Amino acid sequence: MNNAVNNEVPGGIWSGTWVAERLGVELLGDDTLTDLLGLALRRNPKRAHLLVSNVLGKHVPQSPSVVYGHGLTLGRRVRDLLGAEEAARAVVLGYAETATGLGHSVADGVGLAPYLHSTRRPVPGVATAGGFEESHSHATSHLLLPEDPALLVGNGPLVLVDDEFSTGNTVLNTIRDLHDRYPRSRYVVVALVDMRSPADAGRLEEFAREIGARVDLVAAASGTVRLPDGVLEKGQDLVARFEVTHPGARGCVESAATAARSRQAPTGPQPTHNATRVDLHWPPGLPDGGRHGFTPQHRIRLDNALPAMAARLADALPADARRVHVLGFEELMYAPLRLARELEQITDAEVRYSTTTRSPVLAVDDPGYAIRTRIAFPAHDNPADGPGERYAYNIAGAGFDAIVAVIDSTADTAELHASDGLLAQLHAHTPQVLLAVVPSYVPEPLYVPERPPMLPEPLRGPAFSSYAPEDVGWLLQDLSDVTLEAPTEEREEAIQSGGAHYAESLPVEYQPSEQYQRLFHTALDGSAARLAQAVGAVTEIVLAERSPRPVLVSLARAGTPVGVLMRRWAQFRHGLDLPHYAVSIVRGRGIDANALRWLAAHHDPADVVFVDGWTGKGAITRELADAVKEFEASDGITGFDPEIAVLADPGSCVKTYGTREDFLIPSACLNSTVSGLISRTVLRADLVGPNDFHGAKFYRELADADVSVEFIDAVAATFPEVVDAVDAQTKELLSSDRDPTWEGWAAVERISEECGIHDVNLVKPGVGETTRVLLRRVPWKILARAGAGADLDHVRLLAEQRGVPVEEVDELPYTCVGLIHPKYTRGATGADGKAVNV
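Rules of the game
- Residues numbered from 1 in each chain as written.
- Predicted model: local features only at pLDDT ≥ 70, side-chain atom pairs only at ≥ 80, totals over all residues.
- Heavy atoms only, no water.
- Pairing = 2+ DSSP bridges.
- Helix = DSSP H or I, 4+ residues; strand = E, 2+ residues; numbered from the N terminus.
- Axes fitted to C-alpha atoms, helices over the stretch in contact; angles between N-to-C directions.
- Contact = heavy atoms within 4.5 Å.
- Buried < 20%, exposed > 50% of the residue type's maximum accessible area, 1.4 Å probe, protein only.
- Core = buried A, V, L, I, M, F, W, Y, C linked by side-chain atoms within 4.5 Å.
- Salt bridge = Lys/Arg side-chain N within 4 Å of Asp/Glu carboxyl O.
- Phe/Tyr/Trp six-rings, centres within 6.5 Å; stacked < 30°, edge-to-face > 60°.
- Lys NZ or Arg CZ within 6 Å of the ring centre and 35° of its normal.
- Polar contact = N/O pair within 3.5 Å; in protein donor to acceptor, adjacent residues only side chain to side chain.
- Parallel < 35°, antiparallel > 145°, perpendicular 65-115°, else oblique.
- Left-handed = near helix turned anticlockwise from the far one by under 90°.
- Nonpolar A, V, L, I, M, F, W, Y, C, P; charged D, E, K, R; others polar.
- Expected span 1.5 Å × (residues − 1).

Chemist: Any chance you could explain the sheet that holds strand β32 (residues 806-809) here in plain terms?
Modeler: In a beta sheet, neighbouring strands are held together by backbone hydrogen bonds and run either parallel or antiparallel to one another. The sheet built from 4 strands is open, its strands ordered β30-β33-β31-β32 with mixed pairing. What marks the edges here is a single partner per strand, and that holds for β30 (763-765) and β32. Across the sheet, the mean angle separating the axes of adjacent strands is 20° when strand polarity is ignored. Relative to strand β33 (residues 816-820), β30 is paired through 3 bridges, and the arrangement is antiparallel. Opposite V763, over in β33, you have L819 as the bridge partner. Against the sheet, helix α22 (residues 743-754) touches β30, β31 (779-785) and β33, its axis set at about 140° to β30.

Chemist: Before we go on, may I ask you to explain helix α24 (residues 793-802) in this structure?
Modeler: Residue pairs three or four apart in sequence face the same way in an α-helix, which turns once every 3.6 residues. For α24, every residue scored as buried is listed here: H794, V795, L797, L798, A799 and R802. At the exit of α24 stands G803, carrying a positive phi of roughly 70°.

Chemist: Sorry if this is basic, but what is going on with the nonpolar core here?
Modeler: Across soluble globular proteins, you tend to see nonpolar side chains buried next to one another. Membership of the largest hydrophobic core comes to 135 residues, with the highest contact counts inside it found for L41, V92, L152, V190 and Y369. Sorting elements by how many residues they give to this core places strand β9 (residues 186-194) first, with 7 residues. For L41, the contacting residues outside a window of four places in its chain are W18, V19, L23, A48, H49, G235, L238, V239, V361, L362 and Y369.

Chemist: What is the right way to look at the pattern of salt bridges in this model?
Modeler: Think of it this way: side chains of opposite charge can pair up when their charged atoms draw near. Evaluated as defined, the whole model comprises 35 salt bridges. Residue E86 pairs with R89 through a salt bridge whose shortest N-O separation is 2.4 Å. Look at E86 and you get partly exposed, because its relative accessible area is 23%. Among the ionic pairs, E807 bridges to K781, the shortest N-O distance being 3.5 Å. Of the two residues, E807 sits in strand β32 while K781 sits in strand β31, which places them 26 residues apart along the sequence. For K781, a relative accessible area of 13% gives the class buried. If you follow the salt bridges from partner to partner, you end up with D471, R567, R568, D577 and D713 in one network.

Chemist: Would you mind showing me how to read the packing of aromatic side chains here?
Modeler: Two aromatic rings, taken as a pair, are described by how far apart their centres are and by the angle between their planes. Scanning the entire structure with this criterion turns up 12 aromatic pairs. With 5.9 Å between their ring centres and 15° between their planes, Y391 and Y393 make a pair best called stacked. The class for Y391 is buried, based on a relative accessible area of 3%. By relative accessible area, Y393 is classed as buried at 1%. Between F464 and W474 the ring centres are 6.1 Å apart and the planes differ by 75°, which places this aromatic pair in the edge-to-face class. Pair noted here: F464 is in the loop between β17 (432-438) and β18 (473-474) and W474 is in strand β18, with a separation of 10 residues, a long-range link. For the pair F464 and W474, one class covers both residues: buried. Sitting over the ring of W742, R622 keeps its end group 4.0 Å from the ring centre. Between K781 and the ring centre of W780, over which it is positioned, the NZ or CZ distance is 4.4 Å.

Chemist: Would you mind going over the environment of E643 with me for this structure?
Modeler: Within the secondary structure, E643 sits in the loop between α19 (619-635) and β27 (644-648). Judged by its relative accessible area of 23%, E643 falls in the partly exposed class. Ignoring anything within four residues of it in the chain, the contact list for E643 reads R546, F610, V654, K655 and T656. Reaching out from E643, the side chain makes a polar contact with the backbone nitrogen of K655 at a distance of 2.5 Å.

Chemist: How do you make sense of the side chain of H104 when you look at a structure like this?
Modeler: The topology assignment puts H104 in helix α5 (residues 100-110). The residues touching H104, leaving out its near neighbours within four places in the chain, are Y115, G289, G290, F294 and Y334.

Chemist: Teacher, can you tell me more about the environment of W14 here?
Modeler: Locating W14 in the fold gives a position in the segment before α1 (17-23). C-alpha of W14 to C-alpha of G368: the two residues are 354 residues apart in sequence and 5.6 Å apart in space. Other than its neighbours up to four places away in sequence, W14 contacts A20, L27, T34, L37, G38, L39, P367 and G368.

Chemist: What is the right way to look at the environment of E509 in this model?
Modeler: Within the element layout of this structure, E509 appears in the loop between β21 (506-507) and α16 (514-545). The class for E509 is buried, based on a relative accessible area of 13%.

Chemist: Can you walk me through the packing of α16 against helix α21 (residues 723-734) in this structure?
Modeler: Two elements in contact, α16 and α21, have axes separated by 9 Å at closest approach and are oriented at 50°. With respect to their mutual orientation, α16 and α21 come out oblique. In this structure, α16 crosses over α21, and the sense of that crossing is right-handed. Of the residues in α21, those in contact with A532, Q533, G536, A537, E540, I541, A544 and E545 of α16 are A725, V726, Q729, T730, L733 and L734. Class assignment for the residues of the contact of α16 with α21 results in 8 nonpolar, 4 polar and 2 charged.

Chemist: It is not clear to me how the packing of α5 against helix α12 (residues 334-346) should be interpreted in this structure. Could you clarify?
Modeler: In a packed pair of helices, the relevant descriptors are the angle between the two axes and the axis-to-axis distance. Put simply, α5 and α12 touch, their axes get as near as 8 Å, and they point 65° apart. With respect to α12, the element α5 is oriented roughly perpendicular. Of α12, the residues touching α5 (which contributes G101, H104, S105 and D108) are Y334, L337 and R338. Tallied by class, residues from the contact of α5 with α12 come to 2 nonpolar, 3 polar and 2 charged.

Chemist: How do you make sense of unusual backbone geometry when you look at a structure like this?
Modeler: Excluding glycine, residues mostly have negative phi values, and the peptide bonds linking residues are mostly trans. For the bond running from A96 to E97, omega is -5°, close enough to zero to count as cis. By the secondary structure assignment, E97 is in the loop between β4 (91-94) and α5. Omega for the peptide link from G461 to P462 comes to 0°, which places this bond in the cis form. For P462, the position within the fold is in the loop between β17 and β18. Phi at E330 takes a positive value of approximately 45°, unusual for a residue other than glycine. Mapped onto the fold, E330 is located in the loop between β12 (323-328) and α12. The class of E330 is buried, set by a relative accessible area of 4%. At L677, a position not held by glycine, the phi torsion is positive, near 65°. As for its position among the elements, L677 is in the loop between β28 (656-659) and β29 (695-696). Residue classification places L677 among the buried residues on the basis of a relative accessible area of 3%.

Chemist: Please clarify how the sheet that holds strand β26 (residues 608-614) should be interpreted in this entry.
Modeler: Within the open sheet, the 6 strands sit side by side as β18-β23-β22-β26-β27-β28. Their pairing is parallel. In this open sheet, the two strands that pair with only one neighbour each are β18 and β28. Looking at chain direction, β26 and β27 are connected through 4 bridges and run parallel. Pairing of V611 across the sheet is with A645, part of β27. Here helix α18 (residues 593-602) sits on the sheet in contact with β22 (551-555), β23 (580-583) and β26, set at roughly 160° to β23. Sheet strands in contact with α19 are β22, β26 and β27, and its direction is about 170° off that of β27.

Chemist: Mind showing me how you'd approach helix α17 (residues 560-574) here?
Modeler: Its 15 residues give α17 an end-to-end C-alpha distance of 21 Å, which sits within 8% of 21 Å, the value for a rise of 1.5 Å per residue. Looking at α17, one finds that the buried residues are T560, P561, V562, G563, V564, L565, M566, R567, W569 and A570. One or two steps after α17, the chain reaches G575, where phi turns positive at roughly 70°.

Structure, rendered in structure tokens:
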């Protein structure tokens with residue numbers, strides 16, 4: 001029965017032949033269609049035939065690399081269709097149960113898109129954000145249960161993913177429901193196969209015109225099913241007759257109803273003698289899938305944890321196992337798929353993947369039929385629609401040496417472990433059954449505590465920071481008395497392993513050598529005028545386009561010296577005394593919502609202009625846009641414009657900037673000693689409560705090394721000599737096309753792949769970001785544009801001190817790019833945190 005695993009047989013018999021010959025069903029379309037699909041019959045009053053995908057990983061065991069690869073490829077096609085900027089604003093929605101894993105894989109291919117899939121499992125305490133009906137299915141009601149109420153809010157593209165696109169009814173029902181609640185201008189429908197009939201082909205365009213939105217379709221193959229008259233009745237008769245004459249095809253166990261009557265219901269999971277448990281050490285708090293939403297940050301945590309989890313599975317397999325099957329569970333498709341794919345890459349065994357399903361399908365042991373065998377067993381997850389049979393297809397008789405059942409903890413019930421349950425049924429068909437339980441992720445109940453009547457006033461120097469009190473007010477809380485610093489190598493290992501977020505600790509402050517301090521002053525002397533020109537230009541653009549009296553809000557801490565300088569320019573050139581505040585934003589966790597509340601209570605949000613030093617690949621730009629959207633949804637306060645104003649925009653990520661050159665901004669050379677002696681911001685649950693500003697430290701003890709005010713004064717001293725240059729540059733910028741192209745993001749993705757890192761978060765482009773890598777992280781290597789001059793003197797010196805190679809590269813879009821050591825452990829780099837050549 002090995003041929004049933006990949007749906008192929010000697011002689012090339014198509015796995016839809018049996019149905020086609022008996023019912024007269026024809027599959028017409030692309031040449032690849034019969035490679036992707038077979039046919040089967042099912043007990044369903046609405047549709048007799050079933051298109052069985054060979055690459056979905058649901059009914060037909062398949063290589064996990066093939067299954068995941070099809071989803072990734074479709075996702076990349078969506079990204080190419082949308083373009084980088086629109087793709088970065090997209091949300092991907094998959095359909096339960098069949099396409100939950102496919103949709104998740106598509107989201108991975110799109111890149112930065114958060115993912116949500118519909119579910120048929122109600123979760124107490126989680127509010128429904130929508131629902132729709134799947135008219136042809138045996139189980140119709142879909143629920144949308146995002147943890148983040150803002151996930152479906154916004155005008156970015158919504159990408160809807162299903163395994164097949166047949167009548168289009170499911171997609172139209174979904175779009176109609178969601179468009180009424182969360183209208184947007186663009187939708188993309190993704191399917192493995194587009195199987196619409198000629199009559200259905202035009203409905204999508206008509207519907208798009210009806211709602212006033214664009215709807216695109218992306219599919220791996222297209223065709224149609226030609227059904228003769230009376231096919232439904234003929235199919236139902238054939239199923240009934242075949243089940244009577246071939247009772248063995250009905251299933252491998254007694255019906256679930258009989259089983260339920262014959263046993264008492266235990267109160268909880270019982271010990272099983274049919275399976276060996278494997279503790280995956282699933283990362284705490286990581287969602288098991290997209291039922292409540294899965295973000296790009298979640299994907300990074302999963303990517304980092306997968307190798308160790310797969311190694312635990314590999315260690316538990318029999319030493320002589322040559323054919324291994326990883327079996328997922330209904331909607332739990334993505335986590336088992338990724339585990340199977342990782343296992344496939346680290347073991348010599350042939351690995352196959354599929355999942356259990358609710359869908360009742362006739363099994364016929366014939367090489368021309370897609371469903372060769374069926375295992376039936378009682379439902380074991382306390383489903384909302386009550387008890388019933390569940391199925392696993394094409395596993396019995398397939399000759400697997402071991403089967404790894406991956407289920408979520410909600411389904412780890414007595415029924416799973418019962419004598420007629422899934423594990424016992426699997427054990428009848430393989431010598432070894434392993435059980436890996438993924439914790440079911442359930443969001444915390446939505447609880448908004450009563451806020452204090454008034455948030456605290458901003459902190460100001462000299463009590464907090466070395467800046468003058470009028471230069472900046474810090475919307476932060478003072479954590480100066482808390483020990484938060486950790487050695488660089490310990491932080492890096494914790495961050496990359498998913499064990500800690502970078503904002504939960506602080507790096508040990510780099511203390512520059514005398515040689516490095518001299519280099520900073522030389523750089524400041526040489527670039528002060530160029531820096532002043534960029535300050536003047538970006539300030540003038542803000543005054544011309546954003547607000548005549550803007551409220552400057554810098555992103556602490558790299559943006560704060562820039563905010564101070566912009567305030568100084570407005571005062572110098574226009575006599576304006578602009579308010580300036582510094583707030584915390586944390587990648588993966590958003591902006592400080594309490595700071596936004598304080599700003600909204602004291603200023604018009606429309607006047608707020610967020611300020612940062614420079615852009616790299618644009619991650620913070622996107623983070624701020626998402627955070628403002630979420631804040632609007634949660635608090636109902638609107639008007640904040642997430643467009644950041646920066647001195648330098650080498651990544652082409654924003655519209656408001658002073659220059660797009662990648663040049664040395666001397667404030668990037670140092671840490672707190674050029675930023676008012678303030679640390680990076682800290683967000684840790686035991687220190688920052690729901691009504692608190694994010695935290696930071698004031699390093700008073702470093703006052704002797706502080707050059708914060710010296711830096712500001714040196715740049716401001718050159719203001720008079722750059723006035724004419726600022727006027728000319730501002731005029732040119734105001735009349736030019738400044739729309740972001742996101743070319744920096746594309747370059748980072750290319751560098752990530754070419755260098756074998758495969759994680760854009762470990763690629764830090766531009767002079768400023770490269771400097772940060774050398775000061776705060778564990779660097780791997782530095783890429784420098786061939787011929788780059790004095791802008792890189794400090795980078796070369798830091799690299800030399802840390803033993804990091806600097807490689808010159810032709811046609812680099814940035815002056816330099818810093819690469820963080822991939823998959824860092826102290827064993828990989830040495831306990832001193834220095835990089836090594838690999």
